[in-house]
Amino acid sequence: PFNEDDKSMQAETIQFVMDHEDCFARTLAIGHVTASGWVVSPDRSQVLLMHHRKLDRWFQPGGHCDGDADTQGVARKEVEEETGVADLKLLSTGIFDVDIHLIPDNKKESAHLHYDIRYLFEGNPEQPLQINIESKDLKWINLSDVSLFNDSESIMRMVNKIQI
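The paragraphs below set out a description of the structure included in this document. Computed from a prediction, not measured in an experiment: that's the story for all the values here. (Residues numbered from 1 in each chain as written. Predicted model: local features only at pLDDT ≥ 70, side-chain atom pairs only at ≥ 80, totals over all residues. Heavy atoms only, no water.)

Details of the pairing of strand E2 (residues 46-52)
- Of all seven residues in E2, six are buried; the element is thus mostly enclosed.
- As paired elements, E2 and strand E8 (residues 135-142) share seven bridges and run antiparallel to each other. Residue pairing for E8: His-51 is matched across the bridge by Asp-137.
- Where E2 lies against strand E3 (residues 57-59), three bridges are found, and the strand directions are antiparallel. Counted as the bridge partner of His-52 is Arg-57 from E3.
- Between E2 and E3, which follow one another and run antiparallel, lie four residues, and Asp-56 among them has a positive phi close to 55°. (Buried < 20%, exposed > 50% of the residue type's maximum accessible area, 1.4 Å probe, protein only. Helix = DSSP H or I, 4+ residues; strand = E, 2+ residues; numbered from the N terminus. Pairing = 2+ DSSP bridges.)

The structure is reproduced here in structure tokens:
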């Protein structure tokens, strides 16, 4: 764990998974496991972020597991689908980051928690990006500028993990 908050979220996520057999299913109304990819450039100076259409904020690409417990595979699939970036290189087989965050209620579902399992990938900033229906924009952003797009503790923790 990177810090005490990181340690706490990891422990809470492990407990959630142990307590809920259907934790990977979106139908679990109190919350569910999601997966995302923190995609960095080969020199680690940039990260790929997407401007999320529904939430109108910049985040790393990712999404629901839809019953699939292979969070690493889900993270890769979501990055590829949401950005068009292929040939991703997994930089560690271990989990890069874990985050628990509240998703506000909307027309389709009540407020619930996402237990996001994040993996570290390397991508090529020269590869063309393909915006899909889930995003407004995609950008490779210098790590030093990430806070201008999203300065949340969750995002900045991942920036700090890269800069160590």
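Section: the pattern of salt bridges
- All chains considered together, the criterion is met by 12 salt bridges.
- Measuring nitrogen to oxygen at the nearest pair gives 2.7 Å for the salt bridge that ties Glu-122 to Arg-44. A residue pair is termed long-range when its members are at least 10 positions apart, and Glu-122 in strand E7 (residues 112-122) and Arg-44 in the loop between strand E1 (31-40) and E2 qualify at 78 residues.
- Under the relative-accessibility criterion, Glu-122 is labelled buried at 16%.
- For Glu-78, the salt bridge is made with Lys-77, and the minimal N-O distance between the two is 3.4 Å.
- Overall, the relative accessible area of 6% leaves Glu-78 in the buried class.
- For Lys-77, a relative accessible area of 35% corresponds to the partly exposed category.
- Salt bridges sharing partners connect three or more residues here, namely Asp-6, Asp-97, Asp-99, Asp-116, Arg-118, Glu-153, Arg-157 and Lys-161. (Salt bridge = Lys/Arg side-chain N within 4 Å of Asp/Glu carboxyl O.)

Describing unusual backbone geometry
- The backbone of Arg-44 shows a phi angle near 65°, a positive value even though the residue is not glycine.
- For Asp-56, which is not glycine, the phi dihedral falls at a positive 55°.
- Tracing the backbone through its elements, the reader meets Asp-56 in the loop between E2 and E3.
- By relative accessible area, which is 44% here, Asp-56 ends up partly exposed.

Considering the environment of Leu-148
- Of note, Leu-148 is situated in helix H3 (residues 146-149).
- Sequence-wise, Leu-148 and Phe-16 are 132 residues apart; in three dimensions their C-alpha atoms are separated by 33 Å.

Notes on the packing of aromatic side chains
- Inspection of every chain in the model, using the stated rule, returns two aromatic pairs.
- Here Phe-16 and Tyr-115 contribute two aromatic rings whose centre-to-centre distance is 3.9 Å and whose plane-to-plane angle is 10°, an arrangement assigned as stacked. Here Tyr-115 lies in strand E7 and Phe-16 lies in helix H1 (residues 4-19), a separation of 99 residues in the sequence. The same class applies to Phe-16 as to Tyr-115, namely buried.
- Their ring planes at 85° and their centres at 5.2 Å tell us that Trp-58 and Phe-149 sit as a pair that is edge-to-face. Of this pair, Trp-58 sits in strand E3 while Phe-149 sits in helix H3, and the two are 91 residues apart along the sequence.
- Judged by its relative accessible area of 10%, Trp-58 is buried. (Phe/Tyr/Trp six-rings, centres within 6.5 Å; stacked < 30°, edge-to-face > 60°.)

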